[in-house]
Amino acid sequence: MADQADSLYLDLVVRLRKAIADGVFPPGSRLPSEHVLAQEYGVSRNTVRRALEVLREDGLMASQQGARRTVLALPRLQSFGELRSFSRWAHSIGEVPSGRVDVLERRPADPAQAHALGLEPGDPVVYLVRVRLLTDVPVMIERTAYPEPVGALFAFVDLERKSICERLEEHGIVFAHAEHTIDAVSADAEDARLLEIPAGTALLRERRRSTDHQGRPLEWSQDCYVGDAVAFTVRNSVAASPLVRDRAPATGE
C-alpha cells in the first residue's frame, strides 16, 4: 500500500511539472486549490498535498498562510534538506533512473573510510562503484563504502534498477541524516571510462556521510557528477537555506 501511495504522489509531481512547463500554470500564476487539483487529477487531497510539498521544497513554488501556492520557476533539482534517493528524485523530474555496477566487493577499510564509518583501518567494508544514469545517460559515479552488516543486504537489492535506500528501508535501515561536502575535480582516466567523457572534464564531487536516527554510520560516499549535467545551488530565505541539486542549464545561448 505504501508503494502505491508513493507512486501516486510522485506521478502527480511529474504531471504538475509538465503542466507548469507547458504553460498551463506559468510562473507567477497561482495554482488551483488542493480540492480542485484532486478532482482534476483524480487523486486524494493528501496525494495533492504531498506532491505540492515536494514542489515547494524544490523551490518550484511559494506558499503563504491562507493563500494559494504561487508558481516560481521550473528548476530541475533535488533538495538536500530532504534525504530523497536518486531514483525518487529522477522519477520526480520525469527521468528514468538506472545504474551500472562496476565494482561490488568486500575489502579492508582504508583510513578515510574507517574514520567516517567509526571502524578501525582494515576492518571489512562492502565497497560499491556504480554509475547512475538519467534516461540512459551517465551523469554520476557513486563510490561508496558500507559497514559490512549493511552491505551484506545487497544480495536483496537489484543494484541496476532499484534504489539502495528504498530497499534497505524495507529491512529497517533508514538513512536519516547526512553531511555533504562539495568541491570541483577533474575527471581522471577511470572517471572518463565510467562516464563516457574525455579525461579532464570538470566534475562536481559530493562527499557524503550518512547515519541512521541513532547516529550510527551507514555509508561514506564520494559521488562525482558530470559538471555540465548537474549543478548545486543554495536558496536563501529568512526561513531556511536549503542546498539543492539542479540539472545544469544549457550553454551556448
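You'll find the structure just up there.
Residues numbered from 1 in each chain as written. Predicted model: local features only at pLDDT ≥ 70, side-chain atom pairs only at ≥ 80, totals over all residues. Heavy atoms only, no water.

Student: Help me understand the environment of Ala 38 in this model?
Tutor: Mapped onto the elements of the fold, Ala 38 is located in helix 2 (residues 34-41). The buried category is assigned to Ala 38, whose relative accessible area is 8%. As a C-alpha pair, Ala 38 and Arg 49 span 11 residues in sequence and 9.3 Å in three-dimensional space. Not counting chain neighbours up to four residues away, the residues in contact with Ala 38 comprise Val 43, Ser 44, Arg 45 and Val 48. (Helix = DSSP H or I, 4+ residues; strand = E, 2+ residues; numbered from the N terminus. Buried < 20%, exposed > 50% of the residue type's maximum accessible area, 1.4 Å probe, protein only. Contact = heavy atoms within 4.5 Å.)

Student: Quick question: what am I supposed to make of the sheet that holds strand 8 (residues 202-211) here?
Tutor: Reading across the sheet, the 6 strands line up as 4-5-6-9-8-7 and stay open at both edges, with antiparallel pairing between neighbours. Of all the strands in the sheet, the pair left with one neighbour each is strand 4 (97-108) and strand 7 (177-186). Shown here is a sheet whose adjacent strand axes are inclined to one another by a mean of 15°, direction ignored. (Pairing = 2+ DSSP bridges. Axes fitted to C-alpha atoms, helices over the stretch in contact; angles between N-to-C directions.)

Student: Got a minute to help me understand the side chain of Ser 210 in this structure?
Tutor: Position of Ser 210 among the secondary structure elements: in strand 8. On the accessibility criterion, Ser 210 (1% relative accessible area) is buried. Polar contacts involving the side chain of Ser 210 include one to the side chain of Glu 219, which spans 2.7 Å. Residue contacts for Ser 210: discarding those within four places in its chain leaves Phe 175, His 177, Ala 178, Arg 216, Pro 217, Leu 218 and Glu 219. (Polar contact = N/O pair within 3.5 Å; in protein donor to acceptor, adjacent residues only side chain to side chain.)

Student: Even after reading the chapter, I still don't get unusual backbone geometry, so can you show me in this structure?
Tutor: Comment: phi is negative for the bulk of residues other than glycine, and the bulk of peptide bonds are trans. Backbone geometry places Asp 136, a non-glycine residue, at a positive phi of 70°. On the secondary structure map, Asp 136 appears in the loop between strand 5 (124-134) and strand 6 (137-147). One non-glycine residue, Glu 196, adopts positive backbone phi at about 60°. Mapped onto the fold, Glu 196 is located in the loop between helix 8 (189-195) and strand 8. Classification of Glu 196 by relative accessible area gives exposed; the value is 56%.

Student: Looking at this model, I keep getting lost on the pattern of salt bridges. Mind explaining?
Tutor: Side chains that differ in sign of charge can pair as their charged atoms come close. If you walk through the whole model with that rule in mind, you get 20 salt bridges. Across the pair Asp 158 and Arg 161 runs a salt bridge, and its minimum N-O distance is 3.0 Å. What makes Asp 158 partly exposed here is its relative accessible area of 27%. Glu 170 serves as the salt-bridge partner of Arg 167, at 2.8 Å between the closest nitrogen and oxygen. For Arg 167, a relative accessible area of 16% puts it in the buried group. (Salt bridge = Lys/Arg side-chain N within 4 Å of Asp/Glu carboxyl O.)

Student: So what exactly am I meant to see when it comes to the side chain of Thr 47 here?
Tutor: Along the chain, Thr 47 falls in helix 3 (residues 45-57). A distance of 3.1 Å separates polar atoms of two side chains, one belonging to Thr 47 and the other to Ser 44.

Treat this as a map of the structure, not an account of what it does.
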